[in-house]
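# Observations on the three-dimensional arrangement
Chain residues, written in single-letter form:
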Amino acid sequence: MSLEFSFKGQLRHEKAASRHFDYDFQLTVEHRGITAFYGRSGEGKSTLLRLISGLEKTQHAKLVFHHANGESQIWQDEQNFVKPEHRNIGYVFQEGRLFEGLTVEANILYGVLRHGTKGHQPRLTWKRKTFQNLNLELQTVVKSVCEGLGIKDSWLKRYPAQLSGGQRQRVAIARTLVSQPDLLLLDEPFSSLDEVGKAELLPYLSAYVQAQKIPCLLVSHSRTEIESVARHAVIIEKGRVLAHDTVGALLTRLDLSLSHEDHSTSLLISRIEQHEPEFSLSKLALGQQHVWIKQVDADIGQEVSLRILARDIIISTLEPVQSSALNHLRGCILEIEHTQESRVLLLLEVEGQKLLARVTRKSVLNLDLKEGRNVYIQFKSVGLGSVLLNPA
């Protein structure tokens, strides 16, 4: 599956005329799990989602959705414009946008009632909008989604005004998922959730779209969200596609702002090799080397992505001995940032993968660090965060 698009127009800011700019989005996105649109506020990310959904229209546009079975649908070109309601797109907005006059149960079922559930069951009438009126298969789907999103039975007869912001957003996501869309658009859907809520929903959403094979485009300002669920990302800047690659590749490009942010990180792909419950640790294989992390709930052989902060890394030219840090890897310096700032970014290669390290410029001189030099890389196991990796 893939989505091919080309949009040209002008992005207008109502409160700041000086921020108007022309956009020119051109890209073909291969549907492999979740693809993230990342960039600063006001760069055009949400506008791009609205153009794809058909909620916003520009005259200079081409939009083609290619299905896995080889069928292609032209959603927009010079002669055609398919209305949003005929594209079978699921859209979750930042603020949820629930129907205030309907109960939680009726809001969730709106997707089933509106789209007819891809032929599983005829559309229901509004007089029968309860879970019990669905066939057994659909009841299982709806209840599974609600359970996965943490929606409790006690919420079902409440109205949106009786819910917190985070609860409303869970309901909005459930309403979209049960509609079984061909394409899922998420515009900062986790912004109203606290960190605990995000930690619960991110793995579920990632697993759900993979299991259901639903292509998903996610707009987010949170690099942690993107690093946790997206395998590919698109960097948007002033209405243009600045870069498009795997998340891991984009994070370690020194020519992009991502690598220079305070919380710059790297993602290393590894596999679970063993668990040590006695010490609450898991041992991961990274090529011919190993990394210890806090024990994770994953099967032996499961592929995971390690999130390592550049600032947590210590570089040494000598092999560490008798250190409290469990993890030290062998690597090679690929590139050293040229800057007069006090701290410098190093781009390292470890087992064929790239890793960022932030050290002082004084350390670069004292250790005589140069491109091509082999070094040892230390970091504490508690400095790692692991997430299940989306399949390609």
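Below, the structure is looked at part by part. No experiment lies behind these values; they were computed from the predicted model shown.

Counting its secondary structure elements, the chain contains 8 helices and 20 strands. Relative to the globule expectation of 21 Å for 392 residues, the C-alpha radius of gyration of the chain, 23 Å, shows essentially globular dimensions. Taken over the C-alpha atoms alone, the chain extends approximately 75 × 55 × 40 Å along its principal axes. Classification of the 392 residues of the chain by burial places 50% in the buried group.

Contact pair helix α3 (residues 136-148) / helix α5 (residues 195-212): the axes reach a minimum separation of 10 Å and the direction vectors enclose 150°. Taken as axis vectors, α3 and α5 run roughly antiparallel relative to one another. The segment α3 lies against α5, with Ser 144, Val 145 and Gly 148 engaging Leu 201, Tyr 204 and Tyr 208. Partitioned by chemical class, the residues of the contact of α3 with α5 number 4 nonpolar, 2 polar and no charged.

If you look at the biggest cluster of nonpolar residues, it comprises 51 residues, and the most contacted ones within it are Ile 108, Val 142, Leu 149, Ile 151 and Leu 177. Here the element with the most residues in this core is α5; it accounts for 6 residues.

Looking now at the pattern of salt bridges. Counted by the stated rule, this structure contains 16 salt bridges. Its salt-bridge partner being Arg 50, residue Glu 56 comes within 3.3 Å of it at the nearest N-O pair. The class of Glu 56 is partly exposed, set by a relative accessible area of 25%. Owing to a relative accessible area of 27%, Arg 50 belongs among the partly exposed residues under this scheme. Across the pair Lys 283 and Glu 273 runs a salt bridge, and its minimum N-O distance is 3.7 Å.

Once that is clear, we can look at the packing of aromatic side chains. According to the stated counting rule, one finds 6 aromatic pairs in the structure shown. Their ring planes at 5° and their centres at 5.0 Å tell us that Phe 65 and Trp 75 sit as a pair that is stacked. Of this pair, Phe 65 sits in strand β4 (residues 60-66) while Trp 75 sits in strand β5 (residues 72-76); the two residues are 10 residues apart in sequence, bridging distant segments of the chain. In terms of burial, Phe 65 and Trp 75 fall into one category: buried. Sitting above the plane of the Phe 81 ring, Arg 87 keeps its charged end 5.0 Å from the centroid.

Thresholds, definitions, all that
- Residues take numbers from 1 onward in each chain, read along the sequence in its written order.
- Local features in this predicted model are restricted to residues whose pLDDT is 70 or higher, and side-chain atom pairs enter the listing and the counts only when it is 80 or higher, whereas totals over whole chains, interfaces and linings include all residues.
- In computing side-chain values, all of the structure's heavy atoms are included and hydrogens and water are not.
- Strands here mean DSSP runs of E at least two residues long; helices mean DSSP runs of H or I at least four residues long; both are numbered from the N terminus.
- We compute the radius of gyration from the C-alpha atoms alone; for a globule the expected value is 2.2 Å times N to the 0.38, where N is the number of residues.
- Three labels apply to residues, based on accessible area from a 1.4 Å probe with only protein chains included: buried if under 20% of the type maximum, exposed if over 50%, partly exposed otherwise in between.
- Only the stretch in contact is used when a helix axis is fitted, and all axes are lines through C-alpha atoms; the angle between N-to-C directions ranges over 0 to 180 degrees.
- For classification purposes, an angle smaller than 35 degrees is called roughly parallel, one larger than 145 roughly antiparallel, one from 65 to 115 roughly perpendicular, and anything else oblique.
- The contact criterion used throughout is that any non-hydrogen atoms of two residues lie within 4.5 Å.
- Charged residues are taken to be Asp, Glu, Lys and Arg, nonpolar residues to be Ala, Val, Leu, Ile, Met, Phe, Trp, Tyr, Cys and Pro, and polar residues to be all remaining types, Gly included.
- By nonpolar core is meant a set of buried Ala, Val, Leu, Ile, Met, Phe, Trp, Tyr and Cys residues that side-chain atoms within 4.5 Å join together.
- One speaks of a salt bridge when a side-chain nitrogen belonging to Lys or Arg is within 4 Å of a carboxyl oxygen belonging to Asp or Glu.
- Each aromatic pair joins two rings of Phe, Tyr and Trp (for Trp, the six-membered one) with centres within 6.5 Å, and gets the label stacked for planes under 30 degrees apart, edge-to-face for over 60, and tilted for any other angle.
- Charges are assigned to positions over rings by a cutoff of 6 Å between ring centre and Lys NZ or Arg CZ, combined with an angular limit of 35 degrees from the ring normal.

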